[in-house]
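One letter stands for each residue in the lines below.
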Amino acid sequence: MGRLVPNVLAAAFILAGIFLTFELIDVERDGQNASKEQDVIVAPTPEEPTELDEPTADKLIVEAFNRYDTVLNDEGMGETFIYEGESYRYMSEGFDSEEKVIHYLSKSFTPDAAEKLLGNHPFIVYKGKLAQPDVTFEPGNVWTDTTAVKVRTTEAMSDVTYEIPVSEGLGRVNVQSFRLVFDGGWKFSVKLPFSFREVEKETKEWNLTLTLEEEAVYQEFSRDPREEHLHGLSPISIAKIYVQATLDERDDLVYEMYTDRAGYVQWTKEEDEKFPKADRGTKENILRVYKGIENGKFIQTGDTDGYIKYDNGSEGGMGFQMVKDEDGYWSVGFMPTQ
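Rules behind the numbers
Residues numbered from 1 in each chain as written. Predicted model: local features only at pLDDT ≥ 70, side-chain atom pairs only at ≥ 80, totals over all residues. Heavy atoms only, no water. Helix = DSSP H or I, 4+ residues; strand = E, 2+ residues; numbered from the N terminus. Buried < 20%, exposed > 50% of the residue type's maximum accessible area, 1.4 Å probe, protein only. Lys, Arg positive; Asp, Glu negative; His and termini not counted. Salt bridge = Lys/Arg side-chain N within 4 Å of Asp/Glu carboxyl O. Contact = heavy atoms within 4.5 Å. Phe/Tyr/Trp six-rings, centres within 6.5 Å; stacked < 30°, edge-to-face > 60°. Lys NZ or Arg CZ within 6 Å of the ring centre and 35° of its normal. Pairing = 2+ DSSP bridges. Axes fitted to C-alpha atoms, helices over the stretch in contact; angles between N-to-C directions. pLDDT = per-residue confidence, 0-100. Expected span 1.5 Å × (residues − 1). Parallel < 35°, antiparallel > 145°, perpendicular 65-115°, else oblique. Left-handed = near helix turned anticlockwise from the far one by under 90°. Nonpolar A, V, L, I, M, F, W, Y, C, P; charged D, E, K, R; others polar. Arc of directions from axis to C-beta.

Attention shifts here to the side chain of E227. Mapped onto the secondary structure, E227 falls in the loop between α6 (212–223) and α7 (235–247). R226 provides the closest opposite charge to the buried, unpaired E227, separated from it by 9.1 Å. With near-sequence residues (within four places) excluded, E227 lies in contact with F221, E256, D260, D325, D327 and S331.

As structure tokens, then:
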């Protein structure tokens, strides 16, 4: 027993030393990790205004313009729709809300100026997502060739005078001054008077507007796709509802509007459901072909045949074929345009 006691004490000391070593290693590791975290957090953002000279001011206004141009000409998700007779496209995922657009513009503008720019463009929120007219815009002035001719800076504010070319190659310029403030970088505190014009106006020139009666019938027809809801409407009203259903990609409604008169049916509903989307035409083509149909004139050519004569502008005189069914009501021919 006398020899056993010293051995037990020695073992205890050895174990205590091992535990102490591990604890010191953990403390050292924690200290290193804390030091690394501090190194990461400490990434300073500029608090003091950096120098603003003419070349820098030139770059700032070009960057600001490019941001706004990117938003206006965002191609979106490839999904379009008709709202109040006009074609709109949803914005892409990075711009699908007002907050995201303002955040993007705030890299070059103060939040207040970014909000004003947003309100300057005909954005709408449709089914919870941001959308804009489905057209292309091009700038009126040559903002990417703007030149700063005078910079006057006071503390964290700067007034910059720019020469803005009115049109490329003509040598005429517009002279305007804009205020910038320093907020983690120089930003425009005012809404710049960017002027844009629509390039593709064809889809906006024609406004398909259903009357209150037509809209009510269309809504009921959408909920319950039976042609009985269309009975009593004029051939032109039926044609307008056909176009609206086509624009809304309601293929079930479109087929229901086709005539069921014997000898006029050209394909079955089952065959129709197998047609690929690419064969049904783009919304731009639909708007182009049927533009002006609401102002057309229905001409009956026989007991069971007739057509709507209208002028769509780009292609001149057009005809929309109608067929009277066995029940005595007019329906759409399987090949409507002729």
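Once the structure has been displayed, the description carries forward.
In this section: the packing of aromatic side chains. As enumerated under the stated definition, the model contains 26 aromatic pairs in all. The interplanar angle of 80 degrees and the centroid separation of 5.4 Å between the aromatic rings of F182 and W186 together place this pair among those described as edge-to-face. Judged by relative accessible area, W186 falls into the buried class, the value being 7%. Pairing F298 with W330 gives two aromatic rings, centres 5.0 Å apart and planes at 70 degrees, and the pair type is edge-to-face. With F298 in strand β11 (residues 297–300) and W330 in strand β14 (residues 330–337), this pair connects stretches of sequence that are 32 residues apart. Note on F298: relative accessible area 23%, which makes it partly exposed. Members of the aromatic cluster, joined through ring pairs, are Y242, Y255, Y258, W267, F275, Y290, F320 and F334. Seen from the ring of Y104, R67 lies directly overhead, with NZ or CZ sitting 4.7 Å from the centre.

For the rest of this paragraph, the subject is the sheet that holds strand β3 (residues 124–126). Within the open sheet, the 4 strands sit side by side as β1-β2-β4-β3. Their pairing is antiparallel. Looking at which strands have only one partner, the edges of the open sheet turn out to be β1 (80–83) and β3. When the angles between neighbouring strand axes are averaged without regard to direction, this sheet yields 45 degrees. Sheet topology places β1 next to strand β2 (residues 86–90); 4 bridges connect them, and they run antiparallel. Following the sheet pairing, F81 is matched in β2 by Y88.

Here we come to the environment of V101. Inspection of the secondary structure puts V101 in helix α3 (residues 98–105). Given the relative accessible area of 1%, V101 is considered buried. With 33 residues separating them along the chain, V101 and Y68 place their C-alpha atoms 9.4 Å apart. Filtering out sequence-adjacent residues up to four positions away, V101 remains in contact with V71, F95, L118 and L130.

With that settled, consider the confidence of the model for the chain. Per-residue pLDDT for the chain averages 82, and the proportion of residues at 70 or more is 81%. Within the model, pLDDT remains below 50 along residues 8–16, and this stretch shows 0 contacts once partners closer than five positions in the same chain are excluded. Segment residues 18–44 is flagged for pLDDT under 50; beyond a separation of four residues in sequence, or across chains, it makes 0 contacts in the model.

Right, let's get into α7. Here α7 is 13 residues long and its end C-alpha atoms lie 18 Å apart, about the 18 Å a rise of 1.5 Å per residue gives. Of all 13 residues making up α7, 13 are buried, and the element is well covered by its neighbours. In the stretch just after α7, E249 is the one whose phi turns positive, near 60 degrees.

On to the sheet that holds strand β8 (residues 173–182). In spatial order, the strands read β6-β7-β8-β9; together these 4 strands make up an open sheet with antiparallel pairing. Both outer strands of the open sheet, β6 (147–154) and β9 (186–188), are each paired with one neighbouring strand and no more. Within this sheet the neighbouring strands show an average axis-to-axis angle of 30 degrees, counted without direction. Sheet analysis places strand β7 (residues 157–165) next to β8, joined by 9 bridges and oriented antiparallel. If you follow Y162 over to β8, its bridge partner there is Q176.

Helices that pack against each other are described as a pair by the angle of their axes relative to one another and the distance between those axes. At a minimum axis distance of 11 Å, the contact between α6 and α7 shows a crossing angle of 50 degrees. When the interaxial angle is binned, α6 and α7 end up oblique. With respect to the hand of their crossing, α6 and α7 are arranged in right-handed fashion. Residues E214, V217, Y218 and F221 of α6 form the contact with α7, whose participating residues are S237, K240, I241, Q244 and A245. Its residues placed into classes, the contact of α6 with α7 shows 5 nonpolar, 2 polar and 2 charged.

With that out of the way, let us pick up the packing of helix α2 (residues 54–72) against α3. Taken N-terminus to C-terminus, the directions of α2 and α3 make an angle of 155 degrees; their axes are 10 Å apart at the nearest point. Considering their axes alone, α2 and α3 lie roughly antiparallel with respect to each other. Crossing geometry of α2 relative to α3 is assigned as right-handed. Across the interface between the two elements, R67, Y68, T70 and V71 of α2 pack against V101, Y104 and L105 of α3.

To continue, consider unusual backbone geometry. At E155, a residue that is not glycine, the phi angle is positive and equals roughly 50 degrees. Take E155: it is sitting in the loop between β6 and β7. The class for E155 is exposed, based on a relative accessible area of 71%.

Attention now moves to α3. Within α3, the full set of buried residues consists of V101, I102 and L105. Buried residues along α3 cover an arc of 95 degrees about the axis, so they all sit on one side. In α3, those exposed residues whose orientation departs by more than 90 degrees from the buried face are E99 and H103. The secondary structure elements touched by the buried residues of α3 are α2, α4 (111–119) and β4 (129–133).

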